[in-house]
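Notes for the structure review
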Amino acid sequence: APSVTPAEETRFTVKFVARAVVIPCCRAHVRPAGRVIEQYRRAHDELLASVLDPLLDMFPDADTVGVLVEEHGTGELQVKHHKSRARGFAGGLRVPGTIITHVVQDRRGVLLGESAAAPGGEVAGTRMGAPLSAQTAHYGVIYVEGKTAAFRQEDVDLLQTVAYQTALAIHAAR
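Residues numbered from 1 in each chain as written. Predicted model: local features only at pLDDT ≥ 70, side-chain atom pairs only at ≥ 80, totals over all residues. Heavy atoms only, no water.

**Comments concerning the overall build of the protein chain**
Under the convention used in this document: Runs of E in the DSSP output that reach at least two residues are strands. Runs of H or I that reach at least four are helices, and both are numbered from the N terminus. Relative accessibility thresholds used throughout: buried, under 20% of the residue-type maximum; exposed, over 50%; partly exposed, between the two (1.4 Å probe, protein chains only). Contacts are assigned to residue pairs that have any heavy atoms within 4.5 Å of one another.
A count of helices and strands for the protein chain gives four helices and five strands. Scanning the protein chain from its N terminus toward the C terminus, one meets helices and strands in the order α-α-β-β-α-β-β-β-α. Counting only residues that meet the buried cut, the protein chain has 30% of its 174 residues in that class. Considering only contacts in the protein chain between residues 6 or more positions apart, those separated by 24 or more positions represent 59%.

**Considerations on the packing of aromatic side chains**
Applicable threshold: Aromatic contacts are taken between Phe, Tyr and Trp rings whose centres are within 6.5 Å, Trp giving its six-membered ring; a plane angle under 30 degrees counts as stacked, one over 60 as edge-to-face, and the others as tilted.
Following the criterion strictly, the structure yields one aromatic pair and no others. Ring centres of Phe59 and Phe151 lie 6.1 Å apart, and the angle between their planes is 80°; on these two criteria the pair is classed as edge-to-face. Within this pair, whereas Phe59 is found in the loop between α2 (52-58) and β1 (64-70), its partner Phe151 is found in the loop between β5 (137-146) and α4 (153-173), the two being separated by 92 residues in sequence. For the pair formed by Phe59 and Phe151, the shared burial category is buried.

**Let's talk about the confidence of the model for the protein chain**
Selection criterion: The predictor rates its confidence in each residue with pLDDT, a number between 0 and 100.
Within the protein chain, residue pLDDT values average 75, and 67% of them lie at 70 or more. Here helix α1 (residues 6-49) stands out as the least confident element of the protein chain, with mean pLDDT 54; α2 is the most confident, with 93. Predicted confidence is poor over residues 8-30, with pLDDT under 50, and the contacts of this stretch with residues over four places away or in other chains come to two contacts.

**Observations concerning unusual backbone geometry**
For Arg107, which is not glycine, the phi dihedral falls at a positive 55°. With respect to the helices and strands, Arg107 occurs in the loop between α3 (97-106) and β3 (110-117). The phi torsion at Gln135 lies on the positive side, around 55°, for a residue other than glycine.

**Considerations on the environment of Ile100**
Structurally, Ile100 is set in helix α3. Between the C-alpha atoms of Ile100 and Leu68, which are 32 residues apart in sequence, the distance is 9.3 Å. Discounting residues that sit within four places of it in the chain, Ile100 has contacts with Leu68, Leu77 and Val95.

**Side note on the nonpolar core**
Basically, it comes down to this: For this analysis, a nonpolar core means a set of buried residues of the types Ala, Val, Leu, Ile, Met, Phe, Trp, Tyr and Cys, connected via side-chain atoms within 4.5 Å.
By size, the foremost hydrophobic cluster in this structure holds 26 residues, and its most contacted members are Leu55, Phe59, Leu132, Ile142, Val144 and Leu159. Only α2, β1, β4 (123-134), β5 and α4 provide two or more residues apiece to this core. Broken down by element, the residue count for this core peaks at six residues, all from α4. The residues touching Leu132, leaving out its near neighbours within four places in the chain, are Leu48, Val67, Leu68, Ala137, His138, Tyr139, Gly140, Val141, Ile142, Ala163, Thr166 and Ala167.

See below:
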């Protein structure tokens, strides 16, 4: 077994004692840091929820709007907030996988659905989504659907602008 000189033993003891002193000091900062993280989460959540009403105002033909957020642990997109014009809407928002796939892979707004009139003169409805992305960070997707609406590319462009501005606000808050 290698022998340890008294000088080496003293250095080890000093390092060990220094670590023992630092750890209790760090514990005093854990609770405030936890509160800051919780405040950030609430602010982030409120920011995403605050987008829904303006989206319904911007797109008067929209029936439902929603925000999907990427979960940190899994990377999966989950519906965080949604709102419908219909009274008593209690169901969950179901976003077509096609929109999610295209928005996430292409990192651009997507329009899905029939914009032409269906048989009988009724509009079949459309859906659109745009990425919540700023710089290299991707936070989720904003989704809008209209069961009787025929959204156009101009609507997707506007939605993409709103999504980008929202992502910038999220990015700045981090």
